[in-house]
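Okay, here's what each chain looks like letter by letter:
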Amino acid sequence: MTYRSHGIRILKLYRSVLAAAAAAAVVAGSSSCAVFADAAVITGRGSVIRKAATFQSSREDSQIAVSPAAVLPSEYSILGEGAPPMLDVIDIEPRETTVDPRTLDPNYKPPYDFSAPVPELAEPVGDDYFDDALFIGDSRTEGMRIYGKKKGYYYSQVAFTIGQVLTKKIIYDPEDDEKKTVIDYVEKYKDVYKKVYMQFGLNECGGSVQWLRTVYEHVLETLRGVLPEGTPIYIQAVLPVTHEAELKSPYGITNEKIDNVNRMLAEMCESGGYYYLAINEPFMDEETGELNASESPDGIHMGGPGVSRQFDYIKSHVVIRDMWDWGDGEAETEPALPSEEIGEGS
Amino acid sequence: MKITKFKRIAAAIAAVAAAFGIMAGCGENNDAPDWSKLDIDVTQAASEIAKATKFDAEMVDLDADQITMSYGGDIRSADELGVTAAGGASAERVIVAKCSGGTADTVSEIKALFTDLAGTYAEYAPEEVPKLNGAVIVERGSYVFAVVTSDAEGAAAAIDAVCGK
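Residues numbered from 1 in each chain as written. Chains lettered and ligands numbered in written order. Predicted model: local features only at pLDDT ≥ 70, side-chain atom pairs only at ≥ 80, totals over all residues.

(A) A look at the packing of helix H5 (residues 139-148) of chain A against helix H10 (residues 304-315) of chain A. All names here are of chain A. H10 packs onto H5 with a crossing angle of 100° between their chain directions and a minimal axis gap of 9 Å. By the angle between their axes, H5 is roughly perpendicular relative to H10. Facing Gly143, Met144, Tyr147 and Gly148 of H5, the residues of H10 in contact are Gly304, Val307, Gln310 and Phe311. Class assignment of the residues belonging to the contact of H5 with H10 gives a composition of four nonpolar, four polar and no charged. (Axes fitted to C-alpha atoms, helices over the stretch in contact; angles between N-to-C directions. Helix = DSSP H or I, 4+ residues; strand = E, 2+ residues; numbered from the N terminus. Parallel < 35°, antiparallel > 145°, perpendicular 65-115°, else oblique. Contact = placed C-beta atoms within 7 Å. Nonpolar A, V, L, I, M, F, W, Y, C, P; charged D, E, K, R; others polar.)

(B) Main features of the pairing of strand S10 (residues 233-236) of chain A. Residues and elements named next belong to chain A. Residue alternation in S10 divides its side chains into two sets, Ile233 and Ile235 and Tyr234 and Gln236, and both sets are buried. Bridge analysis of strand S9 (residues 195-199) against S10 gives three bridges, and the strand direction is parallel. Bridge assignment links tyrosine 197 to a residue of S10, and that residue is tyrosine 234. Tracing the backbone out of S9, into helix H7 (residues 209-226) and back to the parallel element S10 gives a crossover that is right-handed. (Buried ≥ 20, exposed ≤ 12 C-beta atoms within 10 Å, placed from the backbone. Pairing = 2+ DSSP bridges. Right-handed = clockwise from strand over helix to strand, strands pointing away.)

(C) How the structure looks around unusual backbone geometry. All names here are of chain A. If you check the backbone angles, alanine 159 has positive phi at about 65° while not being a glycine. Within the secondary structure, alanine 159 is located in the loop between strand S6 (153-156) and strand S7 (169-173). Here the phi dihedral of aspartate 177 falls at roughly 50°; this positive angle occurs in a residue that is not glycine. Tracing the sequence through the fold places aspartate 177 in the loop between S7 and strand S8 (178-181). Overall, the presence of 10 C-beta atoms within 10 Å leaves aspartate 177 in the exposed class.

(D) Main features of the packing of helix H2 (residues 42-52) of chain B against helix H6 (residues 152-163) of chain B. Residue and element names in this part refer to chain B. One can describe the packing of H2 onto H6 by two numbers: an axis separation of 9 Å at closest approach and a directional angle of 140°. By the angle between their axes, H2 is oblique relative to H6. With respect to the hand of their crossing, H2 and H6 are arranged in right-handed fashion. Contacts between H2 and H6 pair Ala45, Glu48, Ile49 and Ala52 from the former with Gly154, Ala155, Ala158, Ile159, Ala161 and Val162 from the latter. Grouping the constituent residues of the contact of H2 with H6 by class yields eight nonpolar, one polar and one charged. (Left-handed = near helix turned anticlockwise from the far one by under 90°.)

(E) A look at the environment of threonine 288 of chain A. Residues and elements named next belong to chain A. Its location among the elements puts threonine 288 in the loop between strand S11 (275-277) and H10. According to the C-beta neighbour criterion, threonine 288 is exposed, with 12 such atoms within 10 Å. Separated by 53 residues in sequence, threonine 288 and isoleucine 235 have C-alpha atoms that sit 24 Å apart.

(F) Broad picture of the sheet that holds strand S2 (residues 80-86) of chain B. All names here are of chain B. Strand order in the open sheet formed by five strands is S1-S2-S3-S5-S4, and the pairing between neighbours is antiparallel. Two strands lie at the open edges of the sheet, namely strand S1 (59-61) and strand S4 (136-140), each paired on one side alone. Each strand axis lies, on average, 15° off the axis of its neighbour in the sheet, ignoring direction. Contacting S1, S2, strand S3 (93-98) and strand S5 (143-148), H2 runs over the sheet at an angle of about 30° to S2.

Function cannot be inferred from these measures alone, as they are strictly geometric.
Written as structure tokens, this is what we have:
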């Protein structure tokens, strides 16, 4: 459905009014200032136009629509034929705002966007979320296993690489009294894991990013093949390293290379339907993009506090099933997963 | 006659000396700990040794599941394992193993594990290799203590302390 704001006449507020409005908008947040005047007009132009503008602006600031009424003096809240002389009226070109009609439905659920990182939840999940979580990764996952003190299944090793998930026997299975590869172990106990978190890329970032993607995708497809259908797989971005770690890395690990790997991981998630966790972002220095030295004793691996922050990020970036539309019939084919979790798309 | 008397006196002195010697020997044996009666909690022992030894990284006591998955395939001969270890790229760790069937096999398994780890760390984190190659490994009764640290002296003293020496 298209709303056309026919002949909307923008009422230009006098400087004094604008100044007051702008000041109030600054209080509400600088991002709302640019659309404030637009919303002020909407206040006096009826509900349809108000809705159009609301949806138009909701991408940036959902509070915009209510700001003008709260800020303007009551005598300027309704602007029309009897507008006071202090207001000028100017004409602007009609414009179109396209709104997905489904968004008018209060029960509307948007489709999940695999091209973007997993969005932040309003309320993080609890620690028991990890009880049936599987973590597969390198020494950084080892750090999560040891320092995190969270239940879950951690199949990790120092210097572990993504390809070794299929080849290296690192897990002892007391039932069979033998060491197994991660993939063999996961296949044997596949019903135990309700979500999977992968963390690879640091040990591989000195090599070809394309080759890493090829191997990573192969491992993920193999994992999908052995896990129950719909088991969500999260791909953690590679965390940055400190500047000192860059300088002394024997493998030429740099934050630039890590960024390249992370771009690849994001693309891989989009094309493969995996959940990309931008867990690197809270650890990046705003100016340099490097890991802050205080986060890591050796410039690469997190200590206890850093690992705690990693888990906090994960807890607040979970894909909740009920928040998203998974397409025709997909929800009905979901395996029986805990109600708060999402099981589609990975 | 005089010679016979002298022999008797010499024999008496020798007997007294021998008796003192035996007594002295017995005294030494009484001071030496009887490790065969050593009975300790492996988890607590590993934790205490970790606290009393200097490590570069933060050390954490591992739970039973973590120990089984990480060490069960390498240290098979032990009845019980207590492990306190560092995370991330550190090789530092304390292993206390109880081996009622004898300690020799467990010592061999631990040495093989450390040799294997040293190979992994050689390229990944070479600074950890000397700690693995110079790990403190001590047998006491039915227990084996293994500490990967650059503080070998502190580790040895800590092992003595948990054994009550």
